[in-house]
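Per-entry structural report
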Amino acid sequence: MLIFLIGFMGAGKSSQAKKLAARLNFESIDLDELIEKTNKQSTSEIFKISGEQHFRKIESETLRALSEKQNAVIATGGGTPCFFDNMQWMNEKGITVYLKIHPGTVYHRIAPSKSKRPLISHMNDADLMEYIMETMIERAPFYNQAKIQMSGLNLKTEDLVSALKPFLKD
Ligand code: S3P
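Residues numbered from 1 in each chain as written. Predicted model: local features only at pLDDT ≥ 70, side-chain atom pairs only at ≥ 80, totals over all residues. Heavy atoms only, no water.

Secondary structure assignment for the chain yields 8 helices and 5 strands. Along the chain, from the amino end to the carboxyl end, the secondary structure elements read β-α-β-α-α-α-β-α-β-α-α-β-α. For a compact globule of 170 residues, the expected C-alpha radius of gyration is about 15 Å, and the chain comes in at 15 Å, within 12% of that figure. Along the longest, intermediate and shortest principal axes, the C-alpha atoms of the chain span 45 × 30 × 25 Å. Expressed as a percentage of its 170 residues, the buried residues of the chain come to 47%. Taking as baseline every contact in the chain between residues at least 6 positions apart, the subset at least 24 positions apart corresponds to 73%. Counting every atom, the chain has about 8,900 Å² of accessible surface; 51% of that belongs to carbon and sulfur. The average position of the 22 basic charges and that of the 20 acidic charges among the side chains of the chain differ by 6 Å. (Helix = DSSP H or I, 4+ residues; strand = E, 2+ residues; numbered from the N terminus. Rg over C-alpha atoms; globule rule 2.2 N^0.38 Å. Buried < 20%, exposed > 50% of the residue type's maximum accessible area, 1.4 Å probe, protein only. Contact = heavy atoms within 4.5 Å. Areas by Shrake-Rupley, 256 points an atom, 1.4 Å probe, with all protein chains shown as cover. Lys, Arg positive; Asp, Glu negative; His and termini not counted. Charge placed at Lys NZ, Arg CZ, Asp CG, Glu CD.)

This is the structure in structure tokens:
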């Protein structure tokens, strides 16, 4: 069983994946970390040296390489569902969970770590807020294809487990 956590930067995908995996006794996989390990470069370096298009290609390949995993919770990157047919692929392979988050909360969560986030590292505060609002609207049609949608704010692992129960039965 594969569980994919999707949603915008700052939605809490990585921390929720660790907690959920521990609770279910599943493996926890962070897609960005896996990309960094496999390519021996940080995501920022990949964006800077090879460009976003290249990043999206290896992101999609790294995602697909997980198809043989047994029981795993996978924290995807914020853009993962929105490129190639990644969202369809994830829905075919497992359970997708969209962690929804308000743009203002995203802003407060990601502004302090801006320098480590290649898409926003160069932005001033006003540009960042505009980017979050616009990109969320663009990405919504992809995120909304998730099988489960939950608020990512103050999310308890037990609430995630309850929402997953109907899917985990078989
Ligand atoms: C991205 C989000 C990042 C990372 C990359 C691109 C995006 O992941 O994959 O910087 O397009 O929103 P997180 O959502 O884990 O920060």
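Residues I3, F8, L20, V73, V97, I120 and I132 are the most contacted members of the largest nonpolar core, which totals 53 residues. If sequence neighbours within four positions are ignored, F8 has contacts with K13, G78, I101, V106, Y131, I132, T135, M136, R139 and Y143. (Core = buried A, V, L, I, M, F, W, Y, C linked by side-chain atoms within 4.5 Å.)

Now for the site of the ligand. If you check the shell around the ligand, you find M9, K13, D32, F55, R56, G77, G78, G79, R117, P118, L119 and R139 and nothing else. G79 is positioned such that a nitrogen or oxygen atom in its backbone is 3.4 Å from an oxygen atom of the ligand. The separation between an oxygen atom of the ligand and a polar side-chain atom of R139 is 2.8 Å. About the coverage of the ligand: the protein hides 92% of its 390 Å² of free accessible area. (Near = heavy atom within 4 Å. Polar contact = N/O pair within 3.5 Å; in protein donor to acceptor, adjacent residues only side chain to side chain.)

The next point concerns the pattern of salt bridges. Evaluation of the coordinates by the stated rule reveals 6 salt bridges. The residue R23 makes a salt bridge to E158 at a minimum N-O spacing of 2.5 Å. Highlighted residues: R23 in helix α1 (residues 13–24) and E158 in helix α8 (residues 157–168), separated in sequence by 135 residues. According to the relative accessible area criterion, R23 is partly exposed, its value standing at 40%. For the salt bridge of E61 with K57, the shortest nitrogen-to-oxygen distance reads 3.3 Å. On the criterion of helical spacing, the pair formed by E61 and K57 is a turn pair, its members being 4 residues apart in helix α4 (residues 52–64). For K57, a relative accessible area of 44% puts it in the partly exposed group. Residues joined by salt bridges that share partners form a network here, namely E52, R56 and E59. (Salt bridge = Lys/Arg side-chain N within 4 Å of Asp/Glu carboxyl O.)

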